[in-house]
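Below, each chain spelled out in residue letters.
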Amino acid sequence: MLRRKSLYGILVLGIFIVIGSLYFFTDNQPNTSEKNMSVNKEVGSDNNTVGENEDNNSKEVNHENIIKEIINISEEVNADNMYETVTYLAEQPRAAGTEGEKRAVDYIESQFKSLGYETTIQEFPIEYYKEIRKAITINDKPLEGDIRTLFGSNVSGKVKGELVHVGKATVSEVGEEVKGKIALIENSARPYYEKISNVMNKGAIGAIMYNDQPNGSFNGMVKDGNDIPIITISRDQGQKLVDQVEKGTVIASLDVEVEKVTTPSYNVIATMKPDNSNNTGQIVTVGAHHDSVPGGPGANDDASGVSAVLELARIFSQKSIDTELRFITFGAEEKGLIGSTYYVNNLPSEEKSKIIAHFQMDMVGAAAAGGQNPAGGLIMFTPDGRKNLVTDLGAAASKNIFSEAIPYGELGRSDHQPFHDVGIPAALFIHAPLEPDYHQPTDTIDKISKEKLQQVAEIIGSAVLTIASPETPAIAEDKAVPALVEYEYENRAL
Ligand code: BES
Ligand code: ZN
């Protein structure tokens with residue numbers, strides 16, 4: 001009797017171990033493919049041996065928690081609407097805190113309202129340095145033409161000294177010879193603030209930076225602490241100065257005044273709540289940033305993303321859903337993800353824990369971006385380079401619609417970062433490699449492809465509807481769904 005009982009016990013234990021390992025490789029590892037789907041299906045089906053243990057493992061076993069296929073909204077996407085939005089928004093720059101941003105915010109809110117959404121304008125303060133005065137003299141003669149100050153730091157001051165060419169101002173290029181002098185620096189892929197720190201460490205009293213691109217923008221950002229006078233000039237002007245310095249001593253003077261101002265910027269939030277009768281209690285957020293860099297019309301960065309947010313809001317305004325949707329356009333992304341950080345930091349904790357996915361669209365319409373990659377070169381970036389619910393659904397949606405699962409990679413640099421930082425599954429959807437117009441005055445409407453806009457809205461819209469449709473169950477509490485398709489990590493060039 002005793003033996004039979006213990007044999008029985010061992011058998012039951014064995015079954016538990018087998019089931020336990022099945023779960024371990026399924027629900028806990030949401031990101032590994034169709035294999036998981038079939039395992040879960042088996043486990044959940046009625047006529048298998050596992051049924052006996054369902055009580056102990058009901059959450060894991062419940063196949064109702066698994067989304068099986070993408071609900072495709074492609075037919076409903078209208079790229080003409082999106083193109084119209086980009087056209088309006090890119091008529092002028094929309095730098096955070098400027099009239100241009102306010103105009104964009106008003107437009108976006110009125111579009112949401114006309115679709116029947118409840119909207120909130122969330123105001124937050126941004127601090128920046130406003131330019132009051134800037135001048136350069138070279139051997140006591142004023143340097144004519146386009147000269148600019150950098151933003152992000154107090155670059156005020158009047159200095160005079162010998163000009164020293166320090167190339168790209170990497171640590172190895174900058175020596176003691178800049179001490180007490182003015183550094184002449186060529187821009188490059190390295191950030192401006194790094195170069196300035198390098199010359200400041202060697203005692204430079206000011207800097208002139210010239211562009212490495214013949215026709216590129218020479219707006220730029222430095223950081224707190226980079227507080228010597230800095231002026232940026234074009235490549236042409238810079239090369240003339242390099243020639244002069246090579247021929248003999250050049251004395252330069254810089255006169256810069258900037259003033260710190262605090263102005264409001266805004267997030268625009270449109271909310272759609274499900275019926276109380278059919279509510280998963282979960283929230284999905286879909287976002288883009290409406291601000292641009294100063295002086296740039298930002299058609300692709302990121303009026304394109306805003307146009308997709310508005311188009312999806314239009315489509316979802318006609319749908320019934322069981323998951324709350326929030327369509328959000330963020331302000332002050334270009335000044336350091338300020339709007340999205342403010343949004344996330346000010347979420348009540350019970351709301352934060354209900355957000356199961358954030359989809360961020362940034363730079364999703366440039367004809368020249370994306371190279372020879374599937375689905376127009378769209379890629380999903382997460383700040384930690386790991387798959388999550390958002391990338392699983394994005395890949396599944398693109399596979400379903402375009403027969404190609406888009407890859408994922410590792411990158412922050414947009415508003416998905418603050419969501420990720422508080423543990424919300426989030427990803428950035430973007431075309432890479434980037435177009436040459438990134439952050440340039442040439443980021444204009446004529447560079448936008450309706451086809452690219454269409455594809456992106458189809459993919460993200462389908463992914464979102466797959467979560468929010470009453471036909472699909474709530475996402476399991478551990479925020480994991482098995483990947484519906486295989487998709488690859490890619491170290492894509494930007
Ligand atoms: N749209 C860009 C993000 C981006 C740029 C992603 C290039 C991938 C490649 C975004 O608007 C941006 O420019 N972000 C800033 C960072 C932010 C923290 C100021 C950037 O990348 O410099
Ligand atoms: Zn952007």
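Reading the values: rules and limits
- Residues numbered from 1 in each chain as written.
- Chains lettered and ligands numbered in written order.
- Predicted model: local features only at pLDDT ≥ 70, side-chain atom pairs only at ≥ 80, totals over all residues.
- Heavy atoms only, no water.
- Helix = DSSP H or I, 4+ residues; strand = E, 2+ residues; numbered from the N terminus.
- Buried < 20%, exposed > 50% of the residue type's maximum accessible area, 1.4 Å probe, protein only.
- Contact = heavy atoms within 4.5 Å.
- Areas by Shrake-Rupley, 256 points an atom, 1.4 Å probe, with all protein chains shown as cover.
- Near = heavy atom within 4 Å.
- Polar contact = N/O pair within 3.5 Å; in protein donor to acceptor, adjacent residues only side chain to side chain.
- 1 Å grid on protein atoms, 1.4 Å probe; cavity = no way out; pocket = protein on both sides within 12 Å on 5 of 7 lines; lining within 4 Å.
- Sits in = over half its atoms within 2 Å of the grid points.
- Nonpolar A, V, L, I, M, F, W, Y, C, P; charged D, E, K, R; others polar.
- Expected span 1.5 Å × (residues − 1).
- Arc of directions from axis to C-beta.
- Points joined across faces, edges and corners; volume = space filled by probe spheres on them.
- Pairing = 2+ DSSP bridges.
- Right-handed = clockwise from strand over helix to strand, strands pointing away.
- Phe/Tyr/Trp six-rings, centres within 6.5 Å; stacked < 30°, edge-to-face > 60°.
- Lys NZ or Arg CZ within 6 Å of the ring centre and 35° of its normal.
- Donors = N, O, S within 2.8 Å, 3.2 Å for Na, K, Ca; no water.
- Tetrahedral: all angles 85-135°; square planar, octahedral: opposite > 155°, others 65-115°.
- Salt bridge = Lys/Arg side-chain N within 4 Å of Asp/Glu carboxyl O.
- Axes fitted to C-alpha atoms, helices over the stretch in contact; angles between N-to-C directions.
- Parallel < 35°, antiparallel > 145°, perpendicular 65-115°, else oblique.
- Left-handed = near helix turned anticlockwise from the far one by under 90°.

In the nomenclature of an unreviewed UniProt entry, the protein chain is known as M28 family peptidase of Cytobacillus spartinae.

Peer 1: Please give an account of the overall build of the protein chain that cites residues and values.
Peer 2: Helices and strands together make up the secondary structure of the protein chain, namely 13 helices and 14 strands. Sorting the 494 residues of the protein chain into buried and exposed places 55% on the buried side. Partitioning the intrachain contacts of the protein chain with sequence separation of at least 6 by distance along the chain shows that 81% fall at a separation of at least 24. Summed over its atoms, the accessible surface of the protein chain is roughly 21,600 Å², and 48% of this surface lies on carbon and sulfur atoms.

Peer 1: Quick one: what's the story with the site of ligand 1, residue by residue and with numbers?
Peer 2: For ligand 1, the set of nearby residues contains 15 residues, the closest of which are Glu333, Asp362, Arg413, Tyr438 and His439. Residue Tyr438 places a side-chain N or O atom 2.7 Å away from an oxygen atom belonging to ligand 1. Here ligand 1 loses 84% of its free accessible area of 510 Å² to cover by the protein chains. If you map ligand 1 onto the pockets, it falls in the largest pocket. A class-by-class count of the residues in the shell around ligand 1 yields 7 nonpolar, 3 polar and 5 charged.

Peer 1: Help me get a handle on helix 7 (residues 235-247), residues and values and all.
Peer 2: The end-to-end C-alpha separation of helix 7 is 19 Å, in line with the 18 Å expected for 13 residues at 1.5 Å each. Among the residues of helix 7, those classed as buried are Arg235, Gln237, Gly238, Leu241, Val242 and Val245. Buried residues in helix 7, looked at end-on, bunch into an arc of 155°, giving them a common side. Residues Asp236, Lys240 and Lys247 are exposed on helix 7 and point more than 90 degrees away from its buried face.

Peer 1: How would you explain the layout of surface pockets if you had to name every residue and give the values?
Peer 2: By volume, the largest pocket is sized at about 1,600 Å³. Residue lining of the largest pocket: 45 residues in total, with Ala189, Tyr192, Arg413, Tyr438 and His439 positioned closest to the centre. Considering only residue class, the lining of the largest pocket consists of 19 nonpolar, 15 polar and 11 charged. For the second largest pocket, the calculated volume is near 320 Å³. What lines the second largest pocket is a set of 16 residues, among which Tyr129, Glu131, Thr149, Phe151 and Pro294 lie closest to the centre.

Peer 1: Provide a residue-level description of the pairing of strand 10 (residues 324-330), including the pertinent values.
Peer 2: Within strand 10, 7 of the 7 residues are buried, leaving the element largely enclosed by the surrounding structure. Side chains Glu324, Arg326, Ile328 and Phe330 of strand 10 all project onto a buried face; the interleaved residues Leu325, Phe327 and Thr329 project onto the opposite face, where all are buried too. Inspection of the sheet shows strand 9 (residues 283-289) paired to strand 10 by 7 bridges, in the parallel sense. Bridge pairing links Val284 to Leu325 in strand 10. Crossover handedness for the path strand 9 to helix 8 (residues 299-316) to strand 10: right-handed.

Peer 1: Talk me through the packing of aromatic side chains; I want residue IDs and the actual numbers.
Peer 2: In the structure shown here, the tally under the stated rule is 11 aromatic pairs. Here Phe316 and Phe327 contribute two aromatic rings whose centre-to-centre distance is 6.2 Å and whose plane-to-plane angle is 45°, an arrangement assigned as tilted. With Phe316 in helix 8 and Phe327 in strand 10, the pair connects residues that are 11 residues apart, well separated along the chain. For Phe327, a relative accessible area of 0% puts it in the buried group. With a centroid separation of 6.2 Å and 65° between ring planes, the pair formed by Phe330 and Tyr343 is classed as edge-to-face. One end of the pair, Phe330, is in strand 10; the other, Tyr343, is in helix 9 (residues 338-345), with 13 residues separating them in the sequence. An identical accessibility class is assigned to Phe330 and Tyr343; each is buried. Ring pairs connect the aromatic residues Phe112, Tyr117, Phe316 and Phe327, which therefore count as one cluster. Just above the ring of Tyr266 sits the side chain of Lys102; from NZ or CZ to the centre is 5.6 Å.

Peer 1: Please set out the coordination of the zinc ion (ligand 2) residue by residue, giving values where relevant.
Peer 2: Donor atoms from the polypeptide that coordinate the zinc ion (ligand 2) comprise His289 (NE2), Asp301 (OD), Asp362 (OD) and Asp362 (OD), at 1.9 to 2.5 Å from the metal. For the zinc ion (ligand 2), the 6 donor atoms are set out with angles of 53 to 165° between them, so the coordination reads as irregular. Read in sequence order, the donor residues coordinating the zinc ion (ligand 2) give the pattern H-x11-D-x60-D. Placement of Asp301 in helix 8 and of Asp362 in the loop between strand 11 (355-361) and strand 12 (378-382) is noted, with a sequence separation of 61 residues between them.

Peer 1: Tell me about helix 5 (residues 99-114), and please be specific about residues and values.
Peer 2: Taking 1.5 Å per residue as the helical rise, helix 5 with its 16 residues ought to reach 22 Å, and the 23 Å between its terminal C-alpha atoms agrees with that figure. Residues of helix 5 that are buried: Gly100, Glu101, Arg103, Ala104, Val105, Tyr107, Ile108, Glu109 and Phe112. Buried-residue contacts for helix 5 involve helix 4 (79-89), strand 1 (118-138), strand 8 (251-272), helix 8 and strand 10.

Peer 1: Go over the pattern of salt bridges with me, naming the residues and quoting the values.
Peer 2: Applying the stated criterion across every chain yields a total of 20 salt bridges. Between Arg314 and Glu311 there is a salt bridge, with its nearest N and O atoms 2.8 Å apart. Of the two residues, Arg314 and Glu311 both sit in helix 8, 3 residues apart, roughly one turn of that helix. Residue class for Arg314 comes out partly exposed when judged on its relative accessible area of 28%. A residue is classified by how much of its surface remains accessible, and Glu311, at 3% relative accessible area, is buried. Between Arg492 and Glu490 there is a salt bridge; the shortest N-O distance is 2.6 Å.

Peer 1: Can you break down the packing of helix 8 against helix 13 (residues 450-468) residue by residue, with the values?
Peer 2: Between helix 8 and helix 13, whose axes approach to 10 Å, the crossing angle comes to 50°. In terms of axis orientation, helix 8 runs oblique to helix 13. Where helix 8 crosses over helix 13, the two elements pack in a sense that is right-handed. The segment helix 8 lies against helix 13, with Ser304, Ser307, Leu312 and Phe316 engaging Leu453, Ala457, Ile460, Gly461, Val464 and Leu465. Along the lines of polarity and charge, the residues of the contact of helix 8 with helix 13 split into 7 nonpolar, 3 polar and no charged.

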